[in-house]
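Chains, contacts and geometry: an overview
Next come the chains, spelled out residue by residue.
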Amino acid sequence: MQNMNGKSALGLDANVAALLCYVPVCAINLIMSILVIVQDKTNKVARFHAFQSLFLMIASIVISIPLYILIFVGVFVDAAIGFPIVSLLVGLGALIFGLAILFFLVMAAIKAFGGEMYKIPVIGNFAEKYS
């Protein structure tokens, strides 16, 4: 039995629970996502957004670490060649990646509050599979 609307197992409205899964302040998104996944077995919308939020956070960490390592290495390469091209290009890539993550985070939060199941490309398919 799936509870598409109504209250979540935590006593919140489903759209508020889904929205809180995307709020990146003081790890509220991590805590709320884990609570929704563990406690709420019937609300499809809240579970979908909880999984999507976790997968988005994991993907951003997994991709950001190599980017920052490349920036760090690029500083030394740039010092050797005398022109900051490597760290500039990798830094620009990190900036674009960060803005894309922010865009998807805001879009998903708005759609979650509206009760819609907005799927972030690639990540949304995994979230739908596990929810």
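The sections below set out a description of the structure shown in this document. (Residues numbered from 1 in each chain as written. Predicted model: local features only at pLDDT ≥ 70, side-chain atom pairs only at ≥ 80, totals over all residues. Heavy atoms only, no water.)

Re the packing of helix 3 (residues 44-81) against helix 5 (residues 123-130)
Contact geometry of helix 3 with helix 5 gives a least axis separation of 8 Å together with a crossing angle of 135°. Between helix 3 and helix 5, the angle falls in the class oblique. As for how helix 3 packs across helix 5, the hand of that crossing is right-handed. Of helix 5, the residues touching helix 3 (which contributes Lys44, Arg47, Phe48, Phe51, Gln52, Phe55, Leu56 and Ala59) are Ile123, Gly124, Phe126, Ala127, Glu128 and Tyr130. Of the residues in the contact of helix 3 with helix 5, the class split is nine nonpolar, two polar and three charged. (Axes fitted to C-alpha atoms, helices over the stretch in contact; angles between N-to-C directions. Helix = DSSP H or I, 4+ residues; strand = E, 2+ residues; numbered from the N terminus. Parallel < 35°, antiparallel > 145°, perpendicular 65-115°, else oblique. Left-handed = near helix turned anticlockwise from the far one by under 90°. Contact = heavy atoms within 4.5 Å. Nonpolar A, V, L, I, M, F, W, Y, C, P; charged D, E, K, R; others polar.)

Here's the deal with the packing of aromatic side chains
Scanning all chains against the criterion turns up five aromatic pairs. The interplanar angle of 65° and the centroid separation of 5.7 Å between the aromatic rings of Phe55 and Tyr130 together place this pair among those described as edge-to-face. With Phe55 in helix 3 and Tyr130 in helix 5, this pair connects stretches of sequence that are 75 residues apart. The class of Tyr130 is partly exposed, set by a relative accessible area of 45%. (Phe/Tyr/Trp six-rings, centres within 6.5 Å; stacked < 30°, edge-to-face > 60°. Buried < 20%, exposed > 50% of the residue type's maximum accessible area, 1.4 Å probe, protein only.)

Some words on the side chain of Asp40
Tracing the backbone shows Asp40 in the loop between helix 2 (28-39) and helix 3. Salt bridges are absent for the buried Asp40, whose nearest opposite-charge side chain, Arg47, sits at 6.8 Å. In this structure the side chain of Asp40 is engaged in a polar contact, spanning 3.4 Å, whose partner is the backbone nitrogen of Asn43. (Lys, Arg positive; Asp, Glu negative; His and termini not counted. Salt bridge = Lys/Arg side-chain N within 4 Å of Asp/Glu carboxyl O. Polar contact = N/O pair within 3.5 Å; in protein donor to acceptor, adjacent residues only side chain to side chain.)

Quick notes on the nonpolar core
Among the nonpolar cores identified, the biggest contains 15 residues, and Tyr22, Leu56, Leu67, Ala108 and Ile120 are the most heavily contacted of them. Counting only elements with at least two residues in this core, the list comes to helix 3 and helix 4 (86-113). Broken down by element, this core gets its largest block of residues, eight residues, from helix 4. Contacts of Leu56, omitting those with residues within four sequence positions, involve Ile101, Leu105, Ile120 and Ile123. In this structure, Cys21, Val36, Phe48 and Phe51 belong to the second largest nonpolar core, which totals 11 residues. (Core = buried A, V, L, I, M, F, W, Y, C linked by side-chain atoms within 4.5 Å.)

With respect to the pattern of salt bridges
The final tally for this structure, using the stated rule, is two salt bridges. Taking the shortest distance from any N to any O, the salt bridge between Lys119 and Glu128 comes out at 3.0 Å.

Notes on the environment of Leu92
Among the structural elements, Leu92 can be located in helix 4. A C-alpha to C-alpha distance of 9.9 Å links Leu92 and Ile71, two positions 21 residues apart in sequence.

Let's talk about unusual backbone geometry
Notably, Ala27 is not glycine yet its phi reads approximately 60°, a positive angle. Structurally, Ala27 is set in the loop between helix 1 (14-20) and helix 2. A relative accessible area of 37% places Ala27 in the partly exposed class.

A few points about helix 4
Taking 1.5 Å per residue, 28 residues should reach 40 Å; helix 4 reaches 41 Å between its end C-alpha atoms and fits that length. Within helix 4 the residues assigned to the buried category are Ser87, Val90, Ala94, Phe97, Ile101, Leu105, Ala108, Ala109 and Ala112. Residues of helix 4 that are buried sit in contact with helix 1 and helix 3. Just downstream of helix 4, Gly115 is the residue with a positive phi angle, here 85°. (Expected span 1.5 Å × (residues − 1).)

In short, shape yes, function no, at least from these values alone.
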